[in-house]
Amino acid sequence: MSRNSGWNTPLRLALALLLCAAGAAFARPQAPLPFEPAAVGAGTLRFMGFALYDGKLWSPSGRWDSDAPFALELIYARAFDGADIARRSIEEIRRLRTLDDATATRWETRLRALFPDVKAGDRLTGVRVPGQGVRFYAGDRLLGRIDDETLADAFFAIWLDPRTRAPNLRRKLLGMQ
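Since the model is a prediction, treat every value here as computed from it, not as a measurement.

Attention shifts here to the overall build of the chain. What the chain contains, in helices and strands, is 5 helices and 6 strands. Ordered by position from N to C terminus, the α and β elements of the chain give α-β-β-β-α-α-β-β-β-α-α. Here the chain holds 177 residues, and 41% of them are scored as buried. Counted over contacts in the chain with a minimum sequence separation of 6, partners at least 24 positions apart contribute 54%.

If you want it as structure tokens, here you go:
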């Protein structure tokens with residue numbers, strides 16, 4: 001292509017930036033996964049117009065299947081206290097399922113022990129392997145493992161259950177939009 005082929009410099013720069021942004025949207029997760037990750041989908045959770053976090057869903061096939069391994073990576077847009085993340089997770093689980101107080105307290109205690117405080121740009125990843133529960137990572141650092149299948153399923157239902165509070169994010173994560 002000659003220098004004067006009609007592609008002006010600003011247009012080439014804009015196209016290059018767009019391609020880089022598209023690649024960054026599905027950059028490989030930082031957490032070590034027990035499968036070769038293929039992107040399922042990605043979206044942003046917003047509250048009153050403010051971005052809270054970007055979510056990315058990964059699986060071996062590029063399609064979500066609750067009976068197969070998958071990973072949900074959250075990239076935070078702002079700071080949150082780890083205890084608040086755990087508390088809010090339990091509130092959302094309780095909204096979706098019947099959960100007795102003793103179980104809710106036990107689960108929240110386990111999540112509080114794992115979830116760190118986060119700041120903008122931090123990544124938390126939950127890795128679901130059926131039969132093995134869930135592993136949580138901050139970046140590439142293992143935070144811990146919970147070998148409770150019921151808790152693992154309930155936790156990921158926050159985003160993946162059809163009754164989620166964030167149906168648009170769910171559709172994007174599942175690659176439906």
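Here we take up the layout of surface pockets. Here the largest pocket defines a volume of roughly 690 Å³. Every element with two or more residues in the lining of the largest pocket is listed here: strand S1 (38–47), strand S2 (50–59), strand S3 (70–76), helix H2 (82–96), strand S4 (123–129) and helix H4 (149–160). Ranked by residues supplied to the lining of the largest pocket, first place goes to H2 with 6 residues. Classifying every residue of the lining of the largest pocket by side-chain character gives 16 nonpolar, 4 polar and 6 charged.

The next subject is the pattern of salt bridges. Under the counting rule described, the total for this entry stands at 16 salt bridges. Ionic pairing is found between Glu73 and Arg123, a salt bridge with its closest N-O pair at 3.1 Å. With Glu73 in strand S3 and Arg123 in strand S4, the pair connects residues that are 50 residues apart, well separated along the chain. Residue Glu73 is classed as buried on the basis of its relative accessible area, which comes to 0%. For Arg123, a relative accessible area of 21% corresponds to the partly exposed category. Linked by salt bridges that have partners in common, Asp84, Arg87, Arg88, Glu91, Glu92, Arg95 and Arg165 make up one network.

Right, let's talk about the sheet that holds S4 for a bit. Strand order in the open sheet formed by 6 strands is S1-S2-S3-S4-S5-S6, with antiparallel pairing between adjacent strands. Single-partner strands in this sheet number two, and they are S1 and strand S6 (141–146). Recorded for the sheet is a direction-independent mean angle of 20° between the axes of neighbouring strands. Two elements, S4 and strand S5 (residues 133–138), share 6 bridges in a ladder whose sense is antiparallel.

A few words on a nonpolar patch on the surface. A contiguous nonpolar patch, built from Phe47, Met48 and Phe50 and spanning about 410 Å² of accessible area, is present on the exposed surface. Mapped onto the fold, Phe50 is located in strand S2.

Another aspect to go through is the packing of H2 against H4. At a closest axis distance of 9 Å, the pairing of H2 and H4 adopts a crossing angle of 95°. The orientation of H2 relative to H4 falls into the category roughly perpendicular. Two secondary-structure elements touch here, H2 through Ser89, Glu92, Ile93 and Leu96 and H4 through Leu151, Ala154, Phe155, Ala157 and Ile158. Each residue belonging to the contact of H2 with H4 can be placed in one class, and the counts come to 7 nonpolar, 1 polar and 1 charged.

Geometrically, a pair of aromatic rings is defined through the distance of the ring centres and the angle of the planes. The tally for this structure, following the rule as stated, stands at 9 aromatic pairs. Their ring planes at 85° and their centres at 5.1 Å tell us that Phe136 and Phe155 sit as a pair that is edge-to-face. Of the two residues, Phe136 sits in strand S5 while Phe155 sits in helix H4, which places them 19 residues apart along the sequence. Summarising the burial analysis for this pair, Phe136 and Phe155 share the class buried. Aromatic ring contacts, followed pair by pair, group Trp64, Phe70, Phe115, Phe136, Phe155, Phe156 and Trp159 into a single cluster.

Calculation notes
Residues numbered from 1 in each chain as written. Predicted model: local features only at pLDDT ≥ 70, side-chain atom pairs only at ≥ 80, totals over all residues. Heavy atoms only, no water. Helix = DSSP H or I, 4+ residues; strand = E, 2+ residues; numbered from the N terminus. Buried < 20%, exposed > 50% of the residue type's maximum accessible area, 1.4 Å probe, protein only. Contact = heavy atoms within 4.5 Å. 1 Å grid on protein atoms, 1.4 Å probe; cavity = no way out; pocket = protein on both sides within 12 Å on 5 of 7 lines; lining within 4 Å. Points joined across faces, edges and corners; volume = space filled by probe spheres on them. Nonpolar A, V, L, I, M, F, W, Y, C, P; charged D, E, K, R; others polar. Salt bridge = Lys/Arg side-chain N within 4 Å of Asp/Glu carboxyl O. Pairing = 2+ DSSP bridges. Axes fitted to C-alpha atoms, helices over the stretch in contact; angles between N-to-C directions. Patch = residues over 30% accessible without salt bridge, like charges linked within 9 Å, V, L, I, M, F, W, Y side chains within 5 Å. Areas by Shrake-Rupley, 256 points an atom, 1.4 Å probe, with all protein chains shown as cover. Parallel < 35°, antiparallel > 145°, perpendicular 65-115°, else oblique. Phe/Tyr/Trp six-rings, centres within 6.5 Å; stacked < 30°, edge-to-face > 60°.

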